[in-house]
Amino acid sequence: MSETLALSSEDLAFLGPYLPPSSLDSPQHPDGPGAACKLPFTTLTYACSLDGRISLAPGTRTALSGPESKSLTHYLRLHHDAILIGVGTAIADNPGLNCRYPGATLEAQPRPVIVDPKARWGRHGEVVRLVGEGKGLEPWVLVGEGVEAVAGSGKLEGVEVLELKTTESQGARFAWREVFEMLAKRGVRNVMIEGGASVINDLLANERDIIDSVIVTVAPAWLGEGAVAASPAKSVAAMTDVKWRQFGADAVVCGRLPR
Ligand SMILES: NC(=O)c1ccc[n+]([C@@H]2O[C@H](COP(=O)([O-])OP(=O)(O)OC[C@H]3O[C@@H](n4cnc5c(N)ncnc54)[C@H](O)[C@@H]3O)[C@@H](O)[C@H]2O)c1
Ligand SMILES: Nc1nc(=O)c(N)c(NC[C@H](O)[C@H](O)[C@H](O)COP(=O)(O)O)[nH]1
């Protein structure tokens, strides 16, 4: 299942402090035991250009990470129970959403979670690439309560559809806390949030408190004005516990958001 390079021991030491706690018994949230532990540990991670863009145009898959930072993504996938993306990314990128780090077995695969309040996934024949090949887990697709999933079946082939209530005031939006509580109830201890733009920007602008680690790859290229930006609607204070390291041609910055 391996398609990526192994990282060096220095790379692993750099990433270690930003990974979810590994012990089953340890509190997942750095705020310590108690109510906060109801939420899984979350890592927000994506790749952007020097002008803060994550893809060339809406709905376009754009490779920014070089081979070394791609390995980093797969190493992160190895350390998380679930990978969460918005339906925009699921449709644009048709991602595999499995872990292809050297040594990753089927048992080590993360659960793909697609946030899809209006049940758009599958309407145009999207399929789950790697499930059928036995290389990844069946995705969970989170749809709005009462929203008819494709063909009204409530179940797409190779996909588990989960319903969650949407908030009235903001249209077809979920409250992020409820998304993560739902995942925690299903045994997910930590989640890697991979994008896309509206997921990243919404969380940074409105739900910083539920992000535990941030790991961003900066690729040495500019995508230009028409490109999709990782840029929240509000300014966000500088990260704390910040470390940078070069992975191939890319720079990787890790940190935490001030609470
Ligand atoms: N460079 C990277 O690291 C990276 C990572 C992921 C995606 N991308 C790119 O980003 C682009 C997709 O971004 P996007 O913004 O169009 O799509 P997205 O993946 O952010 O999905 C957007 C959809 O997610 C759902 N959503 C978001 N917030 C929600 C909430 N609070 N409640 C309920 N539903 C919510 C909505 O249905 C929304 O339409 C693609 O071009 C993709 O290639 C790049
Ligand atoms: N780290 C990172 N670097 C990139 O250059 C890029 N385009 C993405 N994009 C994230 C998004 O979630 C993608 O869809 C998956 O990274 C693709 O996942 P697969 O390899 O198909 O499993 N992420």
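Residues numbered from 1 in each chain as written. Chains lettered and ligands numbered in written order. Predicted model: local features only at pLDDT ≥ 70, side-chain atom pairs only at ≥ 80, totals over all residues. Heavy atoms only, no water.

**Some words on the overall build of the chain**
Across its full length, the chain holds 5 helices and 11 strands. Residue burial in the chain is summarised as follows: out of 259 residues, 47% are buried. When contacts within the chain are restricted to residue pairs at least 6 apart in sequence, long-range pairs at least 24 apart make up 75% of them. For the chain, the exposed surface amounts to about 12,000 Å²; the carbon and sulfur share of it is 52%. (Helix = DSSP H or I, 4+ residues; strand = E, 2+ residues; numbered from the N terminus. Buried < 20%, exposed > 50% of the residue type's maximum accessible area, 1.4 Å probe, protein only. Contact = heavy atoms within 4.5 Å. Areas by Shrake-Rupley, 256 points an atom, 1.4 Å probe, with all protein chains shown as cover.)

**Digging into the site of ligand 2**
Close to ligand 2 lie 17 residues; Leu64, Ser65, Asp93, Gly96 and Arg100 are nearest. The backbone of Gly96 places a nitrogen or oxygen atom 2.7 Å from an oxygen atom of ligand 2. When residues of the shell around ligand 2 are traced back to their parent elements, those giving at least two are helix H2 (67-78) and helix H3 (87-93). For the shell around ligand 2, the residue count by class is 6 nonpolar, 5 polar and 6 charged. (Near = heavy atom within 4 Å. Polar contact = N/O pair within 3.5 Å; in protein donor to acceptor, adjacent residues only side chain to side chain. Nonpolar A, V, L, I, M, F, W, Y, C, P; charged D, E, K, R; others polar.)

**Re the packing of aromatic side chains**
Counted by the stated rule, this structure contains 3 aromatic pairs. Relative to Phe247, the ring of Phe14 lies with its centre 6.0 Å away and its plane at 55°, an arrangement referred to as tilted. Taken together, the positions of Phe14 in helix H1 (residues 9-15) and Phe247 in strand E10 (residues 240-247) put the pair 233 residues apart, joining distant regions of the chain. Judged by its relative accessible area of 2%, Phe247 falls in the buried class. If you follow Arg186 out to its NZ or CZ, it ends over the ring of Trp140, 4.4 Å from the centre. (Phe/Tyr/Trp six-rings, centres within 6.5 Å; stacked < 30°, edge-to-face > 60°. Lys NZ or Arg CZ within 6 Å of the ring centre and 35° of its normal.)

**Structural notes on the state of the cysteines**
What is meant by a disulfide is a covalent connection between two cysteines, made through their sulfur atoms. This structure, assessed with the given rule, holds 0 disulfides. Of all cysteine sulfurs, the one in Cys254 lies closest to Cys48, which takes part in no disulfide; the gap is 13 Å. (Disulfide = S-S within 2.5 Å.)

**Things to note about unusual backbone geometry**
Residue Gly196 follows Gly195 across a cis peptide bond; omega there is 0°. Even without glycine at this site, Asn94 takes up a positive phi of about 45°. Within the secondary structure layout, Asn94 lies in the loop between H3 and strand E4 (111-115). Asn94 gets classed as partly exposed once you look at its relative accessible area, which sits at 30%. Phi is positive for Leu97, close to 55°, though the residue is something other than glycine.

**Concerning the environment of Gly158**
Within the secondary structure, Gly158 sits in the loop between strand E5 (140-144) and strand E6 (160-164). A C-alpha to C-alpha distance of 5.7 Å links Gly158 and Glu138, two positions 20 residues apart in sequence.

**Description of the site of ligand 1**
Near ligand 1, the surroundings consist of 29 residues, among which Ala47, Thr89, Asp93, Phe174 and Ser198 are the closest. In the environment of ligand 1, an oxygen atom lies 2.8 Å from a nitrogen or oxygen atom belonging to the backbone of Ser198. Separating a nitrogen atom of ligand 1 from a side-chain N or O atom of Asp202 is a distance of 3.1 Å. Expressed as a share of its isolated accessible area of 860 Å², the protein-covered part of ligand 1 is 86%. Looking at the shell around ligand 1, the elements with two or more residues in it are strand E1 (41-48), strand E2 (53-55), H3, strand E7 (190-195) and helix H5 (197-206). A total of 5 residues in the shell around ligand 1 trace back to one element, the largest contributor, which is H3. In terms of residue class, the shell around ligand 1 is built from 14 nonpolar, 9 polar and 6 charged.

**Quick word on the sheet that holds E5**
The sheet built from 9 strands is open, its strands ordered E6-E5-E4-E3-E7-E1-E8-E11-E10 with mixed pairing. Edge positions in the sheet fall to E6 and E10, since each has one partner strand and no second. On average, each strand axis in the sheet is tilted by 20° relative to the strand beside it, whichever way the strands run. Bridging between strand E8 (residues 213-218) and strand E11 (residues 250-256) involves 5 bridges; their strand directions are antiparallel. Bridging across to E11, Val216 finds its partner in Val253. The strands touched by H2 within the sheet are E1, strand E3 (82-86), E7, E8, E10 and E11, with E7 carrying the most contacts at an inclination of about 145°. (Pairing = 2+ DSSP bridges. Axes fitted to C-alpha atoms, helices over the stretch in contact; angles between N-to-C directions.)

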